[in-house]
Amino acid sequence: MSDIARTLLAGLLVAGLSTPVSARKPDIRGYQPQDATAASALPIYVVIEQAELKPEIEYGYINVFGSSQPYQNMSMGQSAGVDLAGGLIASAILNGAAYAKAKRFAQPPYHVIQQAKCNLSIESGLSEAVGTAVRGNWPTASVHVSSLQPGQKLASLIDTDQPRYVFMVSSSLATDFSSVITSIDSEAYLPQAAGAHAARQPAWRDTVIVASDQVAVATSKSQADIDAMVAAESARFVALDLDDRILAVNAAGTNADRRERNRLAALLLEHDHLLKDAASDEWTPTGEALRRAQLLSDHQCDLLNASVRFSSTQAAQLVTALGRGQLPALSSSVQKTAESVPDGRQTLALPGGIFVSQRTGDNVVLGYRSSLLAD
């Protein structure tokens, strides 16, 4: 194998070890009102991607403009300078460490929300909101609403060889726990001219994204904030109920399961770190995420429930606007338009048929919508 070929192979294989991402193809147009007849003739599928609200993790970034930027500490040029196998191993280690770090960041705030017994089920709300919008747009179409179960493949719900119009729907918590983000990706596959099978390329493609209003944290950290954060972390740790597990490992001594000992040690170290963070005079990203999780959970999770309802309802309204041809056109003055509505929300048209609804002045990170905290 030539040096050039080896370099390209190394780069491709190393990239393959990163979190999978798929760049959007901007050359496919969006839905237009003149497509109504063709859309109505297709079976339309509304698929809820996950039944429970989960946080996103900072791993596997996808720019909403369509360019993919996976975590990659080792560039192709760097990988070319090392042994192929060694480069792959190094990249796997780097990616694994980044993934573990992203999970560790998301877990404690999510525990706060779970321990508050917030209702995290989003399946029925999304199904009703988006299903109603789709049926309203194309009343004569056959509309099927379903949900993917954990581990289930889309092909088990939809015949991907046949003509179809598919709406993939997902809601998640932003990586910093500041917002609930609802995304709807839609693609229509028309019949081929000479056969019953669907064309390989979609005839049109659109994405609508709604971020609920960001949860604000006070700029300076007060003593009341510190006391609340320390108390919340202590309560979170107590709720983990580790006493019996720790006693069992200690009693087993050198015969204890190593993995269990390591898991417990990691949880104890995490608790120590979070207590120090809570007692700090300054906010950190970890502290801010935990504080937002508390605010979302307060008063029987009123703020979280409102954010979920708002993002799903607003996303469904954007689907209705899509069907009516009422979404904004792409403009070179998007930023100027957003600034002209300082206290409201603005739906921005972005390249590639992407429409984003966000409160003016908010800055919700949207690139991790496909990277969710695993069970």
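In case you missed it, the structure is sitting above this.
Residues numbered from 1 in each chain as written. Predicted model: local features only at pLDDT ≥ 70, side-chain atom pairs only at ≥ 80, totals over all residues. Heavy atoms only, no water.

Enquirer: Kindly report on helix α5 (residues 123-137), identifying the contributing residues and their values.
Expert: Taking 1.5 Å as the rise per residue, α5 with 15 residues should run 21 Å; its terminal C-alpha atoms sit 21 Å apart, in good agreement. Among the residues of α5, those classed as buried are L126, S127, A129, V130, G131, A133, V134 and N137. Looking at the buried side of α5, the elements it contacts are β1 (44-48), β5 (143-147), β6 (164-173), β7 (180-189) and α9 (285-324). (Helix = DSSP H or I, 4+ residues; strand = E, 2+ residues; numbered from the N terminus. Expected span 1.5 Å × (residues − 1). Buried < 20%, exposed > 50% of the residue type's maximum accessible area, 1.4 Å probe, protein only. Contact = heavy atoms within 4.5 Å.)

Enquirer: How would you sum up the packing of aromatic side chains? Please name residues and give values.
Expert: All told, the structure shown has 8 aromatic pairs when counted by the stated rule. Ring centres of Y61 and Y368 lie 5.2 Å apart, and the angle between their planes is 70 degrees; on these two criteria the pair is classed as edge-to-face. Taken together, the residues span a long stretch of sequence, with Y61 in strand β3 (residues 61-62) and Y368 in the segment after β10 (354-359) at a distance of 307 residues. On the basis of relative accessibility, which here comes to 15%, the residue Y368 falls in the buried class. Summarising the aromatic geometry, the rings of W138 and F167 are spaced 6.0 Å apart at their centres and angled 45 degrees between planes, so their arrangement reads as tilted. One end of the pair, W138, is in the loop between α5 and β5; the other, F167, is in strand β6, with 29 residues separating them in the sequence. These aromatic residues form a ring-pair network of at least three members: Y31, W138, Y165, F167 and W204. The ring of Y189 has R164 sitting right over it, with the charged end atom 4.0 Å from the ring centre. Above the ring of W283, the side-chain terminus of K221 is found at 5.1 Å from the ring centroid. (Phe/Tyr/Trp six-rings, centres within 6.5 Å; stacked < 30°, edge-to-face > 60°. Lys NZ or Arg CZ within 6 Å of the ring centre and 35° of its normal.)

Enquirer: Describe the state of the cysteines, and please don't skip the residues or the numbers.
Expert: For the structure on display, the rule yields 1 disulfide. A sulfur-sulfur separation of 2.1 Å characterises the disulfide bridge that pairs C118 with C301. Disulfide C118-C301: torsion about the S-S bond near -85 degrees, hence left-handed. In this pair, C118 is assigned in the loop between α4 (84-115) and α5 and C301 in helix α9, connecting sequence segments 183 residues apart. Summarising the burial analysis for this pair, C118 and C301 share the class buried. (Disulfide = S-S within 2.5 Å.)

Enquirer: How would you summarise the packing of helix α6 (residues 223-239) against helix α8 (residues 258-279) if you had to cite specific residues and measurements?
Expert: At a closest axis distance of 8 Å, the pairing of α6 and α8 adopts a crossing angle of 165 degrees. By the angle class used here, α6 and α8 are roughly antiparallel. The handedness of the crossing between α6 and α8 is left-handed. Along the contact surface, α6 presents I226, M229, V230, E233, S234, R236 and F237, while α8 presents L267, L268, E270, H271, L274, L275, A278 and A279. (Axes fitted to C-alpha atoms, helices over the stretch in contact; angles between N-to-C directions. Parallel < 35°, antiparallel > 145°, perpendicular 65-115°, else oblique. Left-handed = near helix turned anticlockwise from the far one by under 90°.)

Enquirer: Can you tell me about unusual backbone geometry, naming the residues and giving the values?
Expert: Notably, K117 is not glycine yet its phi reads approximately 60 degrees, a positive angle. Relative to the helices and strands, K117 resides in the loop between α4 and α5. Judged by its relative accessible area of 75%, K117 falls in the exposed class.

Enquirer: Give me the pairing of strand β8 (residues 204-211): which residues, what numbers.
Expert: Across the 8 residues that make up β8, a large majority, 8, are buried. Going residue by residue along β8, you find W204, D206, V208 and V210 tucked away on one face and R205, T207, I209 and A211 tucked away on the opposite face as well. Strand direction decides the pairing type here: β7 and β8, joined by 8 bridges, are antiparallel. Across the sheet, residue A188 finds its bridge partner in β8, namely W204. Across 4 bridges, the pairing between β8 and β10 is parallel. From the neighbouring strand, V208 faces β10, where its bridge partner is F355. (Pairing = 2+ DSSP bridges.)

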